[in-house]
Amino acid sequence: MDNPRPHLDQWRELASKELKGEDAESLTWHTAEGIDVKPLYTSADLEGAEELDSLPGFDPFLRGPRATMYAGRPWTIRQYAGFSTAEESNAFYRKALAGGQKGLSVAFDLATHRGYDSDHPRVVGDVGKAGVAIDSVEDMKILFDGIPLKEMSVSMTMNGAVIPVLASFIVAGEEQGAKPSELSGTIQNDILKEFMVRNTFIYPPEPSMRIVADIIEYTAKEMPRFNSISISGYHMQEAGATLVQELAYTLADGREYVRAALAKGMDVDAFAGRLSFFFCIGMNFFMEAAKLRAARLLWSRIMKEFNPKRASSLMLRTHCQTSGVSLQEQDPYNNIVRTAFEAMSAVLGGTQSLHTNSFDEAIALPTEFSSRIARNTQLILNHETGVTNVVDPLAGSYYVESLTHELAEKAWALMEEVEAHGGMTKAVAEGLPKARIEEAAARKQAAIDRGEEVIVGVNKYKPTVPDQIDILRIDNAKVRRNQIDRLNRMRARRDEAACQATLKALEDVARTGEGNILAAAIKAARARASVGEISTAMENAWGRYDADTHLVTGVYGGAFEGDKRYETVKREIAAMAQNLSRKPKVLVVKMGQDGHDRGAKVIASAFSDLGFDVAVGPLFLTPEEAADLAMEENADVVGVSSHAAGHLTLAPMLLAELGKRGGADKLVICGGVIPSQDYNALKKAGVAAIYGPGTNILDSAENLLAMLRERLRGRNR
């Protein structure tokens, strides 16, 4: 009996019956990327996408940069880690390497990121908190003690203070017996992304781009095994970017860096092979895998603009990290599952190396226990699932190939918009990508708060009894004392005149534009100039950059149009404004060197749409500056956003400073990555409320209104 192949219209008819008369098109998923994902894909969806028909190892490398991919060699297992002192981080690294990790990925504290030594007054709450404190070559030598830098690939996430950190690493290698040419690894060196989202910049955009080009130039000549830049979309997605935005803006940054290197007279083939990328992998499983495939396709298209002679210059190589923002404080063991799915997506997309987040990173720094689970997730994926036996297992999937094509086309259109603005440096200076990403972040938060986007354990299927987990605690004051002692000993031993001469020479190179900045900084590091001193020498020439703060409005509120609860909260705020003869005012501040401002911006945007008068302070405030601003703005509420573990130091300092200025009646609230174990200490210090990760914004607004009413009644008694 013949069994003819059913046609698409027959499928629609059958689907309509299953849906009780509703059209199958009603199942279409409208993604944040503007891609309408249909419930069914067929070969017809691949018509006009001939560029997808390729083989791994060949241009455009869509199916992988290497012909055999993991069947020949699996990805590199890296874990991004660093905390407290160089001694403690070194011990952690050694255990991880013994446990199967194949490369090191160093996390630096925020004081280091921003080019401050540990003894600087602006970094009291930051030293050793969200990474390891590195003040000099002496710290760098301890960090890699017993780890042969001739043999170990080292990745360093560093952008703002990239010059002193890379210089100190090179000198530490020399003093361990490794020539610069023998060092392998990657330095992030992606400053455009910092101006968009992560904010650990130091200098203005133009000299910052010179730093990028000088590092590319130096490493191309002296460090042939070292990747001079890791062009990062990771922090864009963490800040709220859609996958199309992450893909487009990351590749547009890469195009700009190539142009900067060529402007120095370099041959594109001399450095193209040492450019690398860094993408975030979130929970949209198939689209994330398709994103990596589309990235390779588009990068090949971009690099052909520069007429390289080597095919390898067209090849995109990438590291990936599972999403931090997808991790949740509530029901935290769910994060192990999330990370496993994200890791598999990265592998199916063809990443060259991978970091898997630990399940407790939504709450605090990872413990040794949670890090082992994260590392074993990759080992299990490698050795037990069979995914390494086939090159590009998703190739030929109608759905994945269609997603790859559509992501590529939408990202290319966004890149063309950047080109119309004069390139990424100009677009970043105008604030275009930053505004788009912040709008996407507000839209996503509204979808979560409305329950349209389900987060298991957060806005659906909530646990009845919350899990308490052990967290890693850092004695910030002790670490800072130790760092200052080591700095003082180093400065006492060095040849001060020789050190100052190298710093003066570095400043001259920065000021005149003649010479290579990294080469000059290496001489200063050899003379035992500190990270802060090397940064200051360049700051003397260029100044320190202050970013403008803009507030996106209308996006969060627009998503709640017609929502009864939202309108009720809005009316209550309006009623309070009428009683006060002004809107209740909320000042949102970031203190210390924590530049992660997604949470602060989303809260500010949502509260503004609700009817609060919202002011957003500049980044990197001291508690004294935040208190001055609160008094100047006549704020009723000061909201402290913390994502870098400085809250136990900085929030009590802010409360004390407000008291000195007659502002003790102001409500101080905290939000962000704050472990519940810290709540009592904060409340004892005077913090009125704490809103952890996953807090519904309407819940926090209602809670804040109730506290404001009580506080205002107290004032009127």
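Keep in mind that what you see is a predicted model, and the values were worked out from it rather than measured.

Quick look at the environment of Glu342 now. Along the chain, Glu342 turns up in helix 13 (residues 334-349). On the basis of relative accessibility, which here comes to 0%, the residue Glu342 falls in the buried class. Taking C-alpha positions, Glu342 is 30 Å from Ala161, a pair spaced 181 residues apart along the chain. Setting aside residues no more than four positions away along its own chain, Glu342 makes contact with Ile281, Gly282, Met283, Thr322, Ser323 and Ser326.

With that settled, the discussion passes to helix 12 (residues 285-303). Given a rise of 1.5 Å per residue, 19 residues ought to cover 27 Å, and the 28 Å separating the end C-alpha atoms of helix 12 matches this to within 8%. Counting buried positions along helix 12 gives 16 out of 19 residues, so the element sits mostly inside the fold.

The subject of this paragraph is the packing of aromatic side chains. Inspection of every chain in the model, using the stated rule, returns 20 aromatic pairs. With centroids separated by 4.8 Å and ring planes inclined at 70°, the aromatic side chains of Phe277 and Trp299 adopt a geometry described as edge-to-face. Of this pair, Phe277 sits in strand 9 (residues 275-281) while Trp299 sits in helix 12, placing them 22 residues apart in sequence. Neither Phe277 nor Trp299 differs from the other in exposure class; each is buried. Consider the rings of Phe359 and Phe369, whose centres lie 6.3 Å apart with planes at 85°: the pair is edge-to-face. Taken together, the residues Phe359 in the loop between strand 11 (353-355) and helix 14 (368-384) and Phe369 in helix 14 connect sequence positions 10 residues apart. In this structure Phe359 comes out as buried when scored by relative accessible area, which is 5%. The class for Phe369 is partly exposed, based on a relative accessible area of 45%. Every member of this aromatic cluster is reached through a ring pair, and the members are Tyr41, Phe285, Phe286 and Tyr399. Taking the ring centre of Trp412 as reference, the NZ or CZ of Arg301 above it sits at 4.6 Å.

For the rest of this paragraph, the subject is the nonpolar core. Counting residues in each nonpolar core, the largest one holds 86 residues, and the members touching the most others are Leu247, Leu251, Trp299 and Met424. Setting aside chain neighbours within four positions, we find Trp299 in contact with Leu251, Gly254, Arg255, Val258, Leu275, Phe277, Ser313, Leu314, Met315 and Leu316. In terms of nonpolar packing, the next biggest core, distinct from the first, is built from 56 residues, Ile187, Leu503, Ile517 and Ile534 among them.

Our focus in this paragraph is unusual backbone geometry. The omega angle of the peptide bond from Asp59 to Pro60 is 10°, so this bond is cis rather than trans. By the secondary structure assignment, Pro60 is in the loop between strand 2 (36-37) and helix 2 (69-72). Backbone geometry at Met69 places phi at a positive 45°, although glycine is not the residue there. You can see Met69 is positioned in helix 2. The backbone of Ser581 shows a phi angle near 65°, a positive value even though the residue is not glycine. Summarising the element assignment, Ser581 is placed in the loop between helix 23 (564-580) and strand 12 (585-589). For Ser581, a relative accessible area of 69% translates into the label exposed.

Inspection of the entire model under this criterion finds 54 salt bridges. Between Glu409 and Arg301 there is a salt bridge, and its shortest N-O distance comes to 3.9 Å. A residue pair is termed long-range when its members are at least 10 positions apart, and Glu409 in helix 15 (residues 398-420) and Arg301 in helix 12 qualify at 108 residues. Assessed through its relative accessible area of 29%, Arg301 is described here as partly exposed.

A few words now on the confidence of the model for the protein chain. For the protein chain, per-residue confidence averages 92 on the pLDDT scale, and residues scoring 70 or more make up 98% of the total. For the protein chain, per-element mean pLDDT is lowest for strand 3 (residues 76-81), which scores 76, and highest for helix 20 (residues 517-526), which scores 98.

Counting buried residues along strand 14 (residues 637-642), 6 of its 6 residues qualify, which places the element largely inside the surrounding structure. Two strands pair when backbone bridges link them, and strand 12 and strand 14 are joined in this way by 4 bridges, in the parallel orientation. Paired with Val589 across the strands is Val640, a residue of strand 14.

Further remarks concern the packing of helix 25 (residues 623-633) against helix 26 (residues 647-660). Two elements in contact, helix 25 and helix 26, have axes separated by 8 Å at closest approach and are oriented at 45°. Comparing the axis directions of helix 25 and helix 26 gives the class oblique. In the crossing of helix 25 with helix 26, the sense of the turn from one axis to the other is right-handed. Across from Pro623, Glu624, Ala626, Ala627, Ala630 and Met631 in helix 25, the residues of helix 26 making contact are Leu650, Met653, Leu654, Glu657 and Leu658.

Strand pairing in a sheet relies on backbone hydrogen bonds. The paired strands run either parallel or antiparallel. With parallel pairing, the 5 strands of this open sheet are ordered in space as 13-12-14-15-16. Either end of the sheet is taken by a strand with one partner, and the two such strands are strand 13 (613-616) and strand 16 (689-691). Neighbouring strand axes in the sheet, compared pairwise and without regard to direction, differ in orientation by 20° on average. Of the strands in this sheet, strand 12, strand 13 and strand 14 are in contact with helix 24 (residues 598-610), which crosses strand 13 at around 160°. Contacting strand 14 and strand 15 (667-672), helix 26 runs over the sheet at an angle of about 165° to strand 15.

About the thresholds
Residues numbered from 1 in each chain as written. Predicted model: local features only at pLDDT ≥ 70, side-chain atom pairs only at ≥ 80, totals over all residues. Heavy atoms only, no water. Helix = DSSP H or I, 4+ residues; strand = E, 2+ residues; numbered from the N terminus. Buried < 20%, exposed > 50% of the residue type's maximum accessible area, 1.4 Å probe, protein only. Contact = heavy atoms within 4.5 Å. Expected span 1.5 Å × (residues − 1). Phe/Tyr/Trp six-rings, centres within 6.5 Å; stacked < 30°, edge-to-face > 60°. Lys NZ or Arg CZ within 6 Å of the ring centre and 35° of its normal. Core = buried A, V, L, I, M, F, W, Y, C linked by side-chain atoms within 4.5 Å. Salt bridge = Lys/Arg side-chain N within 4 Å of Asp/Glu carboxyl O. pLDDT = per-residue confidence, 0-100. Pairing = 2+ DSSP bridges. Axes fitted to C-alpha atoms, helices over the stretch in contact; angles between N-to-C directions. Parallel < 35°, antiparallel > 145°, perpendicular 65-115°, else oblique. Left-handed = near helix turned anticlockwise from the far one by under 90°.

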